[in-house]
4 protein chains.
Amino acid sequence: MSDIRVTVWNEFRHEKQHEAVRSVYPDGLHIAIAEGLKEHGITNVRTATLDEPDNGLPAEALAETDVLLWWGHMAHGDVADATVDRVQERVLNGMGLIVLHSGHFSKPFRRLMGTSCSLRWREAGEHERVWVVKPSHPIAQGVGPYFEVPQVEMYGEHFDIPTPDDLVFISWFQGGNVFRSGCCFHRGHGKIFYFRPGHETHPIYYQKEIRQVLANAVRWAAPAVSFENPYGMQKAINEKQALEPIQ
Amino acid sequence: MSDIRVTVWNEFRHEKQHEAVRSVYPDGLHIAIAEGLKEHGITNVRTATLDEPDNGLPAEALAETDVLLWWGHMAHGDVADATVDRVQERVLNGMGLIVLHSGHFSKPFRRLMGTSCSLRWREAGEHERVWVVKPSHPIAQGVGPYFEVPQVEMYGEHFDIPTPDDLVFISWFQGGNVFRSGCCFHRGHGKIFYFRPGHETHPIYYQKEIRQVLANAVRWAAPAVSFENPYGMQKAINEKQALEPIQ
Amino acid sequence: MSDIRVTVWNEFRHEKQHEAVRSVYPDGLHIAIAEGLKEHGITNVRTATLDEPDNGLPAEALAETDVLLWWGHMAHGDVADATVDRVQERVLNGMGLIVLHSGHFSKPFRRLMGTSCSLRWREAGEHERVWVVKPSHPIAQGVGPYFEVPQVEMYGEHFDIPTPDDLVFISWFQGGNVFRSGCCFHRGHGKIFYFRPGHETHPIYYQKEIRQVLANAVRWAAPAVSFENPYGMQKAINEKQALEPIQ
Amino acid sequence: MSDIRVTVWNEFRHEKQHEAVRSVYPDGLHIAIAEGLKEHGITNVRTATLDEPDNGLPAEALAETDVLLWWGHMAHGDVADATVDRVQERVLNGMGLIVLHSGHFSKPFRRLMGTSCSLRWREAGEHERVWVVKPSHPIAQGVGPYFEVPQVEMYGEHFDIPTPDDLVFISWFQGGNVFRSGCCFHRGHGKIFYFRPGHETHPIYYQKEIRQVLANAVRWAAPAVSFENPYGMQKAINEKQALEPIQ
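Residues numbered from 1 in each chain as written. Chains lettered and ligands numbered in written order. Predicted model: local features only at pLDDT ≥ 70, side-chain atom pairs only at ≥ 80, totals over all residues.

Membership of the largest hydrophobic core comes to 151 residues, with the highest contact counts inside it found for B:Ile98, B:Val218, D:Ile98 and D:Val218. The contact partners of D:Val218, leaving out residues within four places of it in the chain, are D:Ile4, D:Val6, D:Leu37, D:Ile42, D:Val67 and D:Ile98. In this structure, A:Ala48, A:Val99, A:Leu119 and C:Trp172 belong to the second largest nonpolar core, which totals 150 residues. (Core = buried A, V, L, I, M, F, W, Y, C linked by C-beta atoms within 7 Å. Buried ≥ 20, exposed ≤ 12 C-beta atoms within 10 Å, placed from the backbone. Contact = placed C-beta atoms within 7 Å.)

All names here are of chain C. The end-to-end C-alpha distance of helix H7 (residues 208–221), which contains 14 residues, comes to 20 Å, matching closely the 20 Å that a straight helix rising 1.5 Å per residue would cover. Counting buried residues along H7, 10 of its 14 residues qualify, which places the element largely inside the surrounding structure. Looking only at H7, the buried set comprises Ile-210, Arg-211, Val-213, Leu-214, Ala-215, Asn-216, Ala-217, Val-218, Trp-220 and Ala-221. The elements touched by buried residues of H7 are strand E1 (6–10), helix H3 (29–39), strand E3 (67–71), strand E4 (96–100) and strand E9 (190–195). (Helix = DSSP H or I, 4+ residues; strand = E, 2+ residues; numbered from the N terminus. Expected span 1.5 Å × (residues − 1).)

This next bit is on the interface of chain A and chain B. The partner chain B presents 40 residues to the 40 residues of chain A that form the contact. Taken together, the elements giving at least two residues each to the side of chain A that touches chain B come down to helix H6 (107–113), strand E5 (120–132), strand E8 (178–187) and strand E10 (237–238) of chain A. Among the residues making up the side of chain A that touches chain B, the classes are represented as 15 nonpolar, 15 polar and 10 charged. The sheet contact formed by E5(A) and strand E10 (residues 237–238) of chain B spans two bridges and is parallel. Counterpart to A:Arg120 in the pairing with E10(B) is B:Ile237. (Nonpolar A, V, L, I, M, F, W, Y, C, P; charged D, E, K, R; others polar. Pairing = 2+ DSSP bridges.)

In this section: the pairing of strand E1 (residues 6–10) of chain A. Residue and element names in this part refer to chain A. Counting buried positions along E1 yields five of five residues, so the element is predominantly enclosed. Here E1 shows two buried faces, one formed by Val-6, Val-8 and Asn-10 and the other by Thr-7 and Trp-9. Where E1 and strand E3 (residues 67–71) come together, five bridges link them in parallel fashion. Residue Trp-9 lies in a different strand from E3, and its bridge partner there is Trp-70. Bridge count between E1 and strand E2 (residues 45–49): five bridges; the pairing is parallel.

What follows concerns the packing of helix H3 (residues 29–39) of chain B against helix H7 (residues 208–221) of chain B. Residue and element names in this part refer to chain B. Taken N-terminus to C-terminus, the directions of H3 and H7 make an angle of 75°; their axes are 9 Å apart at the nearest point. Relative to H7, H3 is oriented roughly perpendicular. Across from Ile-33, Gly-36, Leu-37 and Glu-39 in H3, the residues of H7 making contact are Arg-211, Leu-214, Ala-215 and Val-218. For the contact of H3 with H7, the per-class residue count stands at five nonpolar, one polar and two charged. (Axes fitted to C-alpha atoms, helices over the stretch in contact; angles between N-to-C directions. Parallel < 35°, antiparallel > 145°, perpendicular 65-115°, else oblique.)

Take a look at the structure:
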């Protein structure tokens, strides 16, 4: 995939309402995330936000997106079900989806997981250490055996998700919890990566290792089979002709 | 689990409308399935059907069910969304769910999988050979390295499901297809088993090996953690107190 | 499995040489482990130790063992290769194997994993919190969402093992590390469980939750297919007759 | 990975002894396999064979190999254990390994799997249909929902391997068997792909889809973490300093 088409989606509400968020991400979280990708040579990046028409994700925009990143938190309920339908279908047809931090409770992620996606959480300014547990995975490239995030909101187990296809990172938290922080899933023709770190009041999306992981994840999630045989939410295929003779 | 409480759910429409089905399953598919379990010492079995109040699955019935078996085909759309909500929540709280054959397209299964669950299919009276690929799994017990089903409807790959936690059976079909026929999933506190063989016009639920597998599956899917800590679709848990001191 | 035949194997060297170990486990670690199983109704338990003939595991002893527990540390190299051969073959034929703590570096475990099984470690008297990440798994039964071990030797990631079939526990350590502490593997007809906690100078095998987990693990690892079709390290099977006509 | 360094290893005995093999692969299987990779733009390819010094794989050769392909059949026992040690260590340090067809019984594969790797087999000139079951996987790219191989030696389940990290292909055989034909494993820092099709008397390594899969597999197996932190078969790491204060 020489030129992956990326869309960074952001709820973009906190930034408008809370000075504490705006001071960290003056142009919005999506802009900081997009800049991080560009630093790593992923340049075909556009952004979309909740309050645009069709939640910023009309069918045409999705049709031109290879990998979608999703950041949401305070307004999950405002995402239209029709938007969720389109995202789900596009993932099953091959689009990569990278779900960030509080996006664990977003409608598209819950729809695609089929579970509650609930977890334990705490805001206490503690620090996190993210350990690599699958060093052969492309998403783990370039961050060493572990890296630290100085100040975070804690997410803890049990995290109610399906068993990941690949578990890449496990986080340690100062306050005594652990979390499966980097989880890969295959769904239909598409690939999904959930990445825990990231918050609206901490400058996490400027951190070197975080940007490395997100760039790795975009490259991993880019469609492998180039949408050659999409099936999406379609009905089953009636095989009228047998492939072999049946006596 | 000494006395597993089982509910066999059947759509129970084909039997009322089609003589070809009634001649094979005069009392309904659910009765044949329940009898198979009883042969294997699973005796606390009741049945429920689509056209009963609350689709036969009011909250009280689910609260007394450890393992639910689901057979549906022609009327998936008639299952109320509220019923699907209750089944999903109960599975996440620990109930086992065994989805049979055409139940791959049922609402509860699609909800819990998050994918289209589409597949290839053909009705040509061909035969099927079910191979064990995880012989250490309790569901594979007692059926040898493979068993045959004389006449079946074919289901073929690609089967659009999440990667199973355990793949127990792969089927060979005379007409040239293969299928992941026995798939285990963990979701929340609950366990799910999808089992492919079974059809309304073939006497498959009377077959010895099929009954063995269903009994094995009920025992495997029975709740491990005895509903001691249910969370269902609940919100995340706010950990107000850290477990360790945070400087 | 009504009456699982268990053998608890212990290197039994530390206890003879180090007073600090003898004061905690006066009769040997194997006796404390066996007692814990008996508390949970697993009564058909015998023990074996390294310095007995055939390392305590002659063919006849293995032939009467359904589940083998393995504790070793200072004398891994003294286990004969022929013993490792017998254990590997018996596992592939269906025997359960539960590898404890420093057994990660034992010859049978490394043989069955195919990797180095290396890890990070530290002896600093810190405490550990073991989190359940697969609450639907039978091995997680009865210990709540997490439990603590007051004083431990730390084991940290990266732990060089194959991806587990089921990841049941993840540990948090006071000193800043995490570890996949409860890992299930299927190999041949047999099941393997690695369980991290346990040490020769800490009274961990007397702890309530540890004993619960070990009893759960023995029941999970007991052979599912009752050695009906063993193949062990045998050659491939030449299928002289096709199962279907070949034109 | 812009320029993956590939070594194609071939036993190269059949070709010298059997005219039936030489007529299909006059220069050896390794040459046909290498040519297939070059067609797909993987040009940094050399070959090695069993009867060269150090089995063609001295330490220096492995140190310059990113991905090793392995074809062996009649002389598995002639591969020196020291060669197996070097290959295993290099894989754990990050080298990709692609094991072809009868290589399922090779020493390096059995060492890295820890199981017998036995299977059922039959030589009857039947045909095979290889189905994609994980269409989102990069190795499945470009071959459609399935492809056929006109004449093959059959390999059938049960195939005694650890559960693959990713199951990409399942084969259907005319004679009534199925097989997990494309299996991915992560071991240490390295990735392993087992690919079933391929035989010394059938022109399988000239087939378009086979060459596509092998090229995909080389790109997938190329080291992700560029050998930055190799650990191989080394001892555990003693963490003398805690990462966090311990009271």
